[in-house]
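Reading the structure
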Protein chains: 2
Amino acid sequence: MTSRRGTLIVVSAPSGAGKTTLCRDVRMRLGDLAYSVSYTTRPPRPGEVDGADFHFVTESAFKELREAGGFAEWAEVHGNLYGTHAGTIERALAEGRDIILDIDTQGARQLRARYREAVLIFIIAPSMAELEQRLRERRSDAEREIKRRMDRAREEIQLWRQYDYLIVNRDVKDAVEQLAAVIQAERCRTTRLSLALPDLEVRS
Amino acid sequence: MTSRRGTLIVVSAPSGAGKTTLCRDVRMRLGDLAYSVSYTTRPPRPGEVDGADFHFVTESAFKELREAGGFAEWAEVHGNLYGTHAGTIERALAEGRDIILDIDTQGARQLRARYREAVLIFIIAPSMAELEQRLRERRSDAEREIKRRMDRAREEIQLWRQYDYLIVNRDVKDAVEQLAAVIQAERCRTTRLSLALPDLEVRS
């Protein structure tokens, strides 16, 4: 099975749907998932650590890396730039490790175009009212920012059919279980195993 | 979500791969899976209970039900007839319940033709040597019967690419977890949810 190529797992969600927590928890649960820390030009929020939550970079450093072809995807969200380092993905897949990325809908579309076999998962809050409440509990955002995120969430939710899986985050524990189930199930898909098990017919 | 139609889950495996145990354990684990007890003309093995393990019927009773269109699939295996009652499947799907069937490769092909959206799962033992050992441990089979089952297993294993998922049953606990993961993941597939969540865009 060492010849198996890894699978790229892309998780998107409107802000406040809980995808950062779910991605962290599913990595702890499965233990063998690679992860890519995104690059961003937005300033750190209280408690965020450079190199762990994001690579926080200047706009000029971001654009330099982008021009050099260093990003597998990049996007502008709420006026800030975000990007995923291409080398991190390529290395994990080549080593046969599944890699999970926490990416917005624009980035997910770029990754699907570049990695046809990627698994795209969309996370939503159980309702718009619940989403708004979660954004308010975060407290770090001003009223105008909350309104902007809600408007964007309404737009993004309409894209759910472009994803392979939809997980409704009613309860974090259940949602982590569903996310883990999707990743485990994809590892058993015959379309992925065809390449890894060419010798199955002559097993003895 | 009550409008969601159930999913038909079809599990096949060469004899000795452990599918009967896995199907029973995954039903206990998930709790909400419907199940169809097959009809068969083969005699009960020691410990098997009529109506629980199989509906044991005479050949003439089987053929009468078959002519009446009562089977969603039927097959002849090792000289015995096996069939799945169509009404049991239809009722579960209409009620929005997922239903799991433990069916041979001939039956799986018929079910795929009849239910395009069915999920087909193939279970294999980790090796032919392991498979032979499990058949011998079963003890109820004569030497000639074991040889016949082994020959059939070699043929059947070549059909694995016709299935959606492949689970290698190295360890029962792990295999049950994989089987449960496949069923849980399929419940999150956007292609299945499109019908159940037509109102997602206007949620408020």
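Residues numbered from 1 in each chain as written. Chains lettered and ligands numbered in written order. Predicted model: local features only at pLDDT ≥ 70, side-chain atom pairs only at ≥ 80, totals over all residues.

Quick word on the overall build of chain A
Going by this rule: What counts as a helix is a DSSP run of H or I of at least four residues, what counts as a strand is a run of E of at least two, and both are numbered from the N terminus. To assign burial, the other C-beta atoms lying within 10 Å of each residue's own C-beta are counted, with C-beta atoms placed from the backbone; 20 or more indicates buried, 12 or fewer indicates exposed, and intermediate counts indicate partly exposed. Residues are treated as contacting if the C-beta atoms built from their backbones sit within 7 Å of each other.
Counting secondary structure elements, chain A contains 8 helices and 9 strands. Split into buried and exposed, the 204 residues of chain A put 38% on the buried side. By sequence separation, contacts in chain A at least 24 residues apart represent 70% of the contacts at least 6 residues apart.

Some remarks on the packing of helix H1 (residues 19–30) of chain A against helix H7 (residues 172–187) of chain A
All names here are of chain A. The cut-off we apply is this: In this analysis, axes come from line fits to C-alpha atoms, helices being fitted only over the stretch in contact, and the angle between any two N-to-C directions falls in the range 0 to 180 degrees. Roughly parallel means an angle under 35 degrees; roughly antiparallel, over 145; roughly perpendicular, 65 to 115; everything else is oblique. A crossing counts as left-handed when the near helix is turned anticlockwise from the far one by less than a right angle, and as right-handed when that turn is clockwise.
For the pair H1 and H7, the least separation of the axes is 9 Å and the interaxial angle reads 60°. Taken together, the axis directions place H1 and H7 in an arrangement best described as oblique. Read as a crossing pair, H1 and H7 show a hand that is right-handed. Of the residues in H7, those touching H1 at Thr21, Leu22, Asp25, Val26, Arg29 and Leu30 are Val172, Ala175, Val176, Leu179, Ala180 and Ile183.

Here we look at the relation of the copies chain B and chain A
Copy one and copy two of the chain differ by a rotation about a common axis and a shift along it. For clarity, the threshold we go by: Superposing the copies works by least squares over the C-alpha atoms of residues that have pLDDT at least 70 in both of them.
Rotating chain B by 180° about the axis while translating it 0.0 Å along that axis superimposes it on chain A, leaving an RMSD of 0.0 Å. Overall, the copies show the geometry of a two-fold rotation axis. Scanning chain B for the C-alpha nearest the rotation axis identifies B:Ala181, at a separation of 2.1 Å. A high fraction, 100%, of the interface residues of chain B reappear at the interface in chain A, so the copies pair face to face through one surface.

Considering the interface of chain B and chain A
Which entries qualify depends on this criterion: Polar here means any residue outside two lists: the nonpolar Ala, Val, Leu, Ile, Met, Phe, Trp, Tyr, Cys and Pro, and the charged Asp, Glu, Lys and Arg; Gly therefore counts as polar.
Tallying the contact residues gives 25 residues for chain B and 25 residues for chain A. Residues that form the side of chain B that touches chain A fall into these classes: 13 nonpolar, 7 polar and 5 charged.

Here we look at the confidence of the model for chain A
Put simply, the rule is: Confidence scores here are pLDDT values: one per residue, from the predictor, ranging 0 to 100.
With 92% of its residues at a pLDDT of at least 70, chain A reaches an overall mean of 88. Among the scores for the predicted complex, ipTM is 0.83 and pTM is 0.85.

Considering the sheet that holds strand E2 (residues 34–35) of chain A
Residues and elements named next belong to chain A. So the rule is basically this: We call two strands paired when DSSP finds no fewer than two bridges between them.
Ordered by their spatial adjacency, 5 strands build an open sheet running E2-E7-E1-E8-E9, and the pairing between neighbours is parallel. The sheet is open, and its two edges are formed by E2 and strand E9 (165–168), each paired on a single side. Two elements, strand E8 (residues 119–124) and E9, share 4 bridges in a ladder whose sense is parallel. Residue pairing across strands places isoleucine 124 opposite valine 168, the latter belonging to E9.

Side note on the environment of B:Gly79
Take B:Gly79: it is sitting in the loop between strand E5 (71–77) and strand E6 (80–85). For B:Gly79 and B:Val182, which are 103 residues apart along the polypeptide, the C-alpha to C-alpha distance reads 32 Å.

Considering the environment of A:Pro126
Residues and elements named next belong to chain A. By the element assignment, proline 126 lies in the loop between E8 and helix H5 (128–138). A count of 13 C-beta atoms within 10 Å places proline 126 in the partly exposed class. Setting aside its immediate chain neighbours within four residues, proline 126 contacts Val168 and Arg170.

Focus on the nonpolar core
Note the threshold: Residues of type Ala, Val, Leu, Ile, Met, Phe, Trp, Tyr and Cys that are buried and joined through C-beta atoms within 7 Å form what is called a nonpolar core.
By size, the foremost hydrophobic cluster in this structure holds 102 residues, and its most contacted members are A:Val10, A:Ile121, B:Val10 and B:Ile121. For A:Ile121, the residues in contact, after removing those within four places along its chain, are A:Ile9, A:Val10, A:Val11, A:Tyr163, A:Asp164, A:Tyr165, A:Ile167, A:Leu179 and A:Val182.

Overview of the sheet that holds strand E3 (residues 39–40) of chain A
In a beta sheet, neighbouring strands are held together by backbone hydrogen bonds and run either parallel or antiparallel to one another. Residues and elements named next belong to chain A. Taken in spatial order, the 4 strands line up as E4-E3-E6-E5 in an open sheet, and their pairing is mixed. Where the open sheet ends on each side, the last strands, each with one partner, are strand E4 (55–56) and strand E5 (71–77). Summarising the sheet, E3 and E4 pair through 2 bridges and their orientation is parallel. Residue pairing across strands places tyrosine 39 opposite histidine 55, the latter belonging to E4. This element, helix H4 (residues 105–114), spans E5 and strand E6 (80–85) of the sheet and lies at about 160° to E5.

Considering the pairing of strand E7 (residues 99–102) of chain B
Residue and element names in this part refer to chain B. Side-chain alternation along E7 places Ile99 and Leu101 on one buried face and Ile100 and Asp102 on a second face that is also buried. Where strand E2 (residues 34–35) meets E7, 2 bridges bridge the pair, whose relative direction is parallel. If you follow tyrosine 35 over to E7, its bridge partner there is isoleucine 100.

Quick notes on helix H7 (residues 172–187) of chain B
We apply this condition: To estimate how far a helix should reach, multiply one less than its number of residues by 1.5 Å.
For H7(B), spanning 16 residues, the distance from its first C-alpha to its last is 23 Å, which sits close to the expected 22 Å at 1.5 Å a residue. Listed as buried for H7(B) are B:Ala175, B:Val176, B:Gln178, B:Leu179, B:Ala180, B:Ala181, B:Val182, B:Ile183, B:Gln184, B:Ala185 and B:Glu186.

Some words on unusual backbone geometry
All names here are of chain A. Although it is not a glycine, histidine 78 adopts a positive phi angle of roughly 50°. Here histidine 78 lies in the loop between E5 and E6. Among the residues examined, histidine 78 registers 12 C-beta atoms within 10 Å and is labelled exposed.

Quick look at the packing of H5(A) against helix H6 (residues 143–157) of chain A
Residue and element names in this part refer to chain A. Viewed as axis vectors pointing N to C, H5 and H6 meet at an angle of 145°, and their least axial separation amounts to 10 Å. The two elements H5 and H6 cross, and the hand of that crossing is right-handed. Facing H5, whose interface residues are Leu131, Glu132, Leu135 and Arg136, H6 presents Ile146, Arg149, Met150 and Ala153. In terms of residue class, the contact of H5 with H6 is made up of 5 nonpolar, no polar and 3 charged.

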